[in-house]
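An overview of the molecular structure
Listed below are the residues making up each chain.
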Amino acid sequence: MGEPGTKEVLSLEELEASVGLRTGRKHILSILVENKPGVLTRIAGLFARRGFNIDTLAVGPTDDPTLSRITLTLDGAMHPIDQVTKQLHKLVNVIKIRDLEPTETVARELALFKVSADGSTRAEVMQMVEIFRGKIIDVSKRSVIIEVTGSFDKIEAFERMVRPFGLIEMARTGEIAISRGRGET
Amino acid sequence: MRAVDAIMECLKAEGVDVVFGYPGGANLPTYDAFVDAGIRHVLVRHEAGGGHAAEGYAKASGRVGVVFATSGPGATNIVTPLTDAMMDSVPLVAFTGQVRTELLGTDGFQEADTFGITMPIVKHSFVIQHPTEIPRVVHEAFHIARTGRPGPVLIDIPQDLSRAEIDYQPVEDVHLPGYQPTLDGNSKQIRLAAKALANARRPVLYAGGGVISAQASEELTELARSGNFPVTCTLMGLGAFPAPDQQWLGMLGMHGTRAANYAMDEADLIVAIGARFDDRITGKLSEFAPRAKFIHIDIDPAEISKNVPAHIPIVGDAKRILARLVGEYRALEPDAARLTGWWERIEHWRSQHPLRYDDSADSEIKPQYLVEALYKATNDGDCILSSDVGQHQMWAAQYFHFKGPRRWINSGGLGTMGFGLPAAIGAAIACPDVPSVLLTGDGSFQMNIQELGTAKQFDVPVKCVIMDNGYLGMVRQWQELFWDRRYSNVEMGSYPDWVKLAEAYGAHGVLLQDKTTLVEDLRTALATPGPVVVDVKVTREENTYPMIAPGAAAREMVG
Ligand SMILES: Cc1cc2nc3c(=O)[nH]c(=O)nc-3n(C[C@H](O)[C@H](O)[C@H](O)COP(=O)(O)OP(=O)(O)OC[C@H]3O[C@@H](n4cnc5c(N)ncnc54)[C@H](O)[C@@H]3O)c2cc1C
Ligand SMILES: Cc1ncc(C[n+]2csc(CCOP(=O)(O)OP(=O)(O)O)c2C)c(N)n1
Ligand SMILES: [Mg+2]
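Starting from 1, residues in each chain are numbered consecutively following that chain's sequence as written. To label them, take the chains in the order written and letter them from A, then take the ligands in the order written and number them from 1. Local features in a predicted model are, by the rule used here, given only for residues with pLDDT of at least 70; side-chain atom pairs are given and counted only at 80 or more, and totals for whole chains, interfaces and linings are based on all residues. Remark: hydrogens and water are excluded; side-chain values derive from all non-hydrogen atoms of the structure.

1. Focus on the site of ligand 2
Residues and elements named next belong to chain B. Heads up, the rule is: Whether a residue is near a molecule or strand depends on its heavy atoms: if one lies within 4 Å, it is near. Whenever two N or O atoms come within 3.5 Å, that pair is a polar contact, provided that in protein one can donate a hydrogen and the other can accept it, and provided that, for residues adjacent in sequence, both atoms are side-chain atoms. The Shrake-Rupley method, run with a 1.4 Å probe sphere, supplies the accessible areas, and residue values consider only the shown protein chains as cover. Here a strand is any run of E in DSSP of at least two residues, a helix any run of H or I of at least four, and the numbering for each starts at the N terminus.
Around ligand 2, the surrounding shell holds 17 residues, and the nearest of these are Q391, G415, G443, S444 and G473. Interatomic distance of 2.9 Å between a side-chain N/O atom of N469 and an oxygen atom of ligand 2. The fraction of the free accessible surface of ligand 2 (590 Å²) that becomes covered by protein chains is 77%. Residue assignment for the shell around ligand 2 shows that the elements contributing at least two residues are helix 17 (391-399) and helix 20 (473-482).

2. Some remarks on the domain arrangement of chain B
Residue and element names in this part refer to chain B. Operational definition: For the purposes of this description, domain bounds are those given by an automatic or database domain assignment. The contact criterion used throughout is that any non-hydrogen atoms of two residues lie within 4.5 Å. Here the quantity called buried area is the total loss of accessible area, with a 1.4 Å probe, experienced by two parts when brought into contact, counted for both. Note that Gly is not counted as nonpolar here; it falls among the polar residues with everything else outside the nonpolar set of Ala, Val, Leu, Ile, Met, Phe, Trp, Tyr, Cys and Pro and the charged set of Asp, Glu, Lys and Arg.
Taken domain by domain, chain B consists of domain 1 (3-162), domain 2 (187-352) and domain 3 (367-537). A separation of 31 Å is found between the C-alpha centroids of domain 2 and domain 3. Taken together, the contact between domain 2 and domain 3 spans 17 residues of the former and 18 residues of the latter. Between domain 2 and domain 3, the buried area comes to about 1,400 Å², and carbon and sulfur atoms account for 61% of it. Interface area lost by domain 2 to domain 3 is led by L235, L238 and H255, which between them contribute 38%. Scanning the region where domain 2 abuts domain 3 turns up five residue pairs in polar contact (both at pLDDT 80 or more). Here the side of domain 2 that touches domain 3 is built from residues that sort into ten nonpolar, five polar and two charged.

3. Some words on the sheet that holds strand 10 (residues 269-273) of chain B
Residue and element names in this part refer to chain B. Convention followed: Pairing between strands requires that DSSP locate at least two bridges from one strand to the other. Here an axis means a line fitted to C-alpha atoms, over the contact stretch when the element is a helix, while the angle between two N-to-C directions is reported on a 0 to 180 degree scale.
Spatially, 9-8-7-10-11-12 is the arrangement adopted by the six strands of the open sheet, whose pairing is parallel. Strands with a single pairing partner mark the edges of an open sheet, and in this sheet they are strand 9 (248-251) and strand 12 (312-315). Each adjacent strand pair in this sheet contributes to an overall mean axis angle of 15°, direction not counted. Against the sheet, helix 14 (residues 318-331) touches strand 10, strand 11 (293-298) and strand 12, its axis set at about 130° to strand 11. Along the sheet, helix 15 (residues 340-352) contacts strand 7 (203-207) and strand 9; its crossing angle with strand 9, the most-contacted strand, is approximately 50°.

4. Some thoughts on the pairing of strand 7 (residues 143-150) of chain A
Residues and elements named next belong to chain A. Pairing of strand 5 (residues 105-116) with strand 7 involves eight bridges; the strand directions are antiparallel. Along strand 7, the bridge assignment pairs A111 with V148. Sheet topology note: the strand 6 (residues 135-139)/strand 7 ladder contains four bridges and is antiparallel. What sits directly across from V139, in strand 7, is V144. Between strand 6 and strand 7, which pair antiparallel in sequence order, lie three residues.

5. Notes on the site of ligand 1
Residue and element names in this part refer to chain B. Around ligand 1 there are 37 residues in total, and G209, T234, R276, D298 and D317 lie nearest to it. Contacts to ligand 1 include G210, whose backbone N or O atom sits 3.4 Å from an oxygen atom. Relative to its unbound accessible surface of 990 Å², ligand 1 loses 96% to contact with the protein. At the level of secondary structure, the elements contributing two or more residues to the shell around ligand 1 comprise helix 10 (209-213), helix 13 (279-282) and helix 17. It is helix 10 that contributes the most residues to the shell around ligand 1, three residues altogether. Residues belonging to the shell around ligand 1 are distributed by class as follows: 14 nonpolar, 15 polar and eight charged.

6. Regarding the packing of aromatic side chains
Residues and elements named next belong to chain B. The condition that has to hold: When the centres of two rings from Phe, Tyr and Trp lie within 6.5 Å, Trp using its six-membered ring, the rings pair. Their planes under 30 degrees apart give stacked, over 60 give edge-to-face, and anything left gives tilted. Exposure classes here rest on a 1.4 Å probe applied to the protein chains alone. A residue is buried below 20% of its type maximum, exposed above 50%, and partly exposed in between. Lysine NZ or arginine CZ positioned within 6 Å of the ring centre and within 35 degrees of the ring normal marks a charge as sitting over the ring.
Following the criterion strictly, the structure yields 22 aromatic pairs over all chains and no others. Considering the side-chain rings of F68 and F95, the 4.5 Å spacing of their centres and the 5° angle between planes classify their relative orientation as stacked. Separated by 27 residues along the polypeptide, F68 in strand 3 (residues 65-69) and F95 in strand 4 (residues 92-98) bring together distant segments of the chain. Exposure class is identical for F68 and F95. Each is buried. Positioned above the aromatic ring of Y471 is the side chain of R476, whose terminal nitrogen or guanidinium carbon lies 5.6 Å from the ring centre.

7. Notes on the domain arrangement of chain A
All names here are of chain A. As a reminder of what qualifies: Every case where a carboxyl oxygen of Asp or Glu lies within 4 Å of a side-chain nitrogen of Lys or Arg is listed as a salt bridge.
The assigned domain composition of chain A is domain 1 (21-104) and domain 2 (106-179). The interface of domain 1 with domain 2 comprises eleven residues on the first partner and ten residues on the second. Between the two partners, domain 1 and domain 2, sit one salt bridge. Notably, a salt bridge pairs K26 with E175, separated by 2.7 Å at the nearest N-O pair. Elements supplying a minimum of two residues to the side of domain 1 that touches domain 2: strand 1 (26-34), strand 2 (56-61), strand 3 (67-75) and strand 4 (94-100). When the residues that make up the side of domain 1 that touches domain 2 are grouped by side-chain class, the tally is four nonpolar, three polar and four charged.

8. Section: unusual backbone geometry
All names here are of chain B. Cis peptide bonds are those with omega within 30 degrees of zero, and the linkage from A243 to P244 qualifies with -5°. Looking at the secondary structure, you find P244 in the loop between strand 8 (231-233) and strand 9. With phi around 50°, F277 is a residue other than glycine that occupies positive phi space. In this fold, F277 is placed in the loop between strand 10 and helix 13. Despite not being glycine, D484 shows a phi value in the positive range, around 55°.

9. Here we look at the coordination of the magnesium ion (ligand 3)
All names here are of chain B. Put simply, the rule reads: Donor selection uses N, O and S atoms within 2.8 Å of the metal (3.2 Å for Na, K and Ca). Since no water is included, sites may look incomplete.
Distances from the magnesium ion (ligand 3) to its protein donors, D442 (OD), N469 (OD1) and Y471 (O), fall within 2.1 Å. Donor residues binding the magnesium ion (ligand 3) come from one chain and are separated in sequence as D-x26-N-x1-Y. One end of the pair, D442, is in the loop between strand 15 (436-441) and helix 19 (451-457); the other, Y471, is in the loop between strand 16 (463-468) and helix 20, and 29 residues separate them in sequence. The pair D442 / Y471 is uniform in exposure class, with both members buried.

10. A short note on the sheet that holds strand 3 of chain B
Residues and elements named next belong to chain B. As summarised here, the arrangement of the six strands in space is 2-1-3-4-6-5, forming an open sheet in which the pairing is parallel. The sheet is open, and its two borders are formed by strand 2 (40-43) and strand 5 (124-127), each paired with just one other strand. Each adjacent strand pair in this sheet contributes to an overall mean axis angle of 20°, direction not counted. Inspection of the sheet shows strand 1 (residues 18-21) paired to strand 3 by two bridges, in the parallel sense. Residue pairing in the sheet places F20 in a bridge with V67 of strand 3.

11. Let's talk about helix 3 (residues 122-131) of chain A
Residue and element names in this part refer to chain A. Here is the rule we go by: The arc in question is formed by the directions pointing from the helix axis toward the C-beta atoms.
Here helix 3 has its buried residues at V125, M128 and V129. Along helix 3, the residues classed as buried sweep out an arc of 100° about the axis, all on the same side. Residues of helix 3 that are exposed and point more than 90 degrees away from the buried face comprise A123, Q127, E130 and I131. At its buried positions, helix 3 is contacted by strand 5, strand 6, strand 7 and helix 4 (152-166).

12. Observations regarding the interface of chain A and chain B
At the junction of the two partners, chain A supplies 32 residues and chain B supplies 37 residues. Summed over both partners, the interface of chain A with chain B buries about 2,700 Å², with 63% contributed by carbon and sulfur atoms. Inspection of the chain A/chain B interface yields one salt bridge. Close ionic contact of D300 of chain B with K90 of chain A constitutes a salt bridge, the shortest N to O distance being 2.6 Å. At the junction of chain A with chain B, the criterion picks out nine residue pairs in polar contact (both at pLDDT 80 or more).

13. A few points about the UniProt feature "domain: ACT" (unreviewed entry) in chain A
Quick reminder of the rule: UniProt positions are given in the numbering used here, feature names are shortened, and annotations may be inferred rather than shown by experiment.
UniProt's feature table lists "domain: ACT" (unreviewed entry) at residues 28-102 of chain A, given in the numbering used throughout. For residues 28-102 of chain A, the helix share is 27%, the strand share is 39%, and the end-to-end C-alpha distance is 8 Å.

Quick look at the structure:
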């Protein structure tokens, strides 16, 4: 295409718009925010107002006490991600947003599962826990509580495996993530 | 000093000379501080009036408008002006009182969650937690309101904290790590835009309210002149390019001209400048400007490609970008003759489809005629014209010509009836040397009519012209066109008697219903000192045309 700055002719035909991309994959946004009143409400409100769905959301402190990190995941098939991040950037208390590249990111989620386990199934359940490198953190007569840490997919897989034994309840934190390498996320 | 006295110091440091507001329990300390502050406070008759007056002040002057309200009902009364300012990108700072901190969350007397209620309708908001943070917050609020894409900022102050003694130190700078608007456009993109313009055969400049915010009318005009480009403006951009003019196509969009809408439809390159592709412009999105590539210049990155994908996005301040774009374009020495065919096409539309209406043969006043008469009576638009919302607003946009920026003040994004009178008061206060004229509707005027009291008390010589059709005319039109003329609750009756009402407020009132003397009668009314109300009876059932039906394409313009 006609280089800017030269007199070479530019054909309008060559111009392409690249936007509103629906990437079709899951996105993990790591959002650094100031610890100011209402910051989480602002983000949640923005998503609700603009019709963006949050799949998971995790909030916690960072190494800097004035800042928090919000990690949220959303579906890039449903939303133009650039519009989501641009709207988020307009919030004055949002310092930085990273749309983390899956291959350059370590993401983990913690999940707790309460599974029925009586004498006949207990051994099988424990084996499953072993395979997923989970931990049994509480045992009662007819159930166990299992802690599993891992990627979203691993948690989902574990859930599928234990469900047949009788999944009584489950609690998940949503993923938190950090970029690989020396640089800050 | 008390925190409230520090607020006054901060206001003065920000150059604030006038504020609009209304007192109550939760902001009593602030009102005490006004006694000695040396800042002019205009006591409105309703907080909504205060908010809109601050908007009118801001739109007319380019400075930040300031409004004060008490907690609870005072704060909820400014919800509409805040939303209006958000939609139209108007720089405002609103101070609301709040109940004492010990009462917060207890449903205390006049407690409302102002911070929560207003969160989605402000550019940013602050809730004061320590009195010492007040000075910094005030300056941050002004900074955020006026820079980048302007907008409303709210500061909610619990009563006890506003009274606290603080050690006031002037604040020299603001530091907002999460807020750094981009001002300079990317050079490469600007050069690319110049090249695209140089190669376009059917270009259109589509300018919006952002050109006015950016004070970039001169640069826009310069760009238009440099390439003999046709220009159209949105409702909010009127005045950004001087009208009438050979290169001026008129407003575009739902009630725009055919020339403007057809030019957008056939354009090969559209340069959007501080305009946000509202649905009143695009109509049916899939058929909007189907042949065009888009250069989009906007200070808000989120606007770019929000509704219409941009081919050459340029984020930054329109003034800076346009100035450089003109230079880059000229350097390419493009052949001006390439636009000859395009101008012939445009001339054809202009001559075939000028704005037109069937004038009356007798003394009846057609609403469009009233706008033309008002234009003449103001010496070809030598005034700031404010309007309300409805048919009269559209006819004003069509038939009044705006020679420069900040001469046209109206509510576009929210379309707030009742905006007009307080906004015209704010404009008159901001620009005392320019006549402030309001063209309103008989419906809209009643939504903030109480502000006539403000105008009288503070001697604001606002001239209110009512286009009196006895209808909520715009809604009536839609019922006629799209709901089989089944009129439902749009007839207003002939109340009140406007002349008597004006007189009750100590204003001058006059009734006009004769077309033959209208221009002269308007001149006389406008020349009458003080606030004036002119009731002009117009044809009752006239429709605003041309029109693109909602959701239709530009090609399907009717009327
Ligand atoms: C009854 C009724 C009928 C209407 N009919 C029409 C119609 O026929 N035609 C029409 O045009 N409108 C019409 N409107 C108005 C319409 O609803 C929108 O308000 C209007 O089109 C928006 O104008 P705009 O695109 O100029 O954007 P604005 O709302 O004025 O927004 C300004 C844009 O400029 C950007 N900006 C701000 N500052 C800068 C800067 N310094 N540099 C660069 N960019 C900046 C902002 O980010 C924003 O994107 C109507 C409204 C009503 C109530
Ligand atoms: C606060 C508010 N309520 C309702 C509307 C919907 N509305 C838009 S135009 C209009 C009629 C306005 O009537 P009038 O002020 O007499 O103006 P006209 O159209 O007759 O010129 C109405 C009710 C609105 N825009 N604002
Ligand atoms: Mg009316």
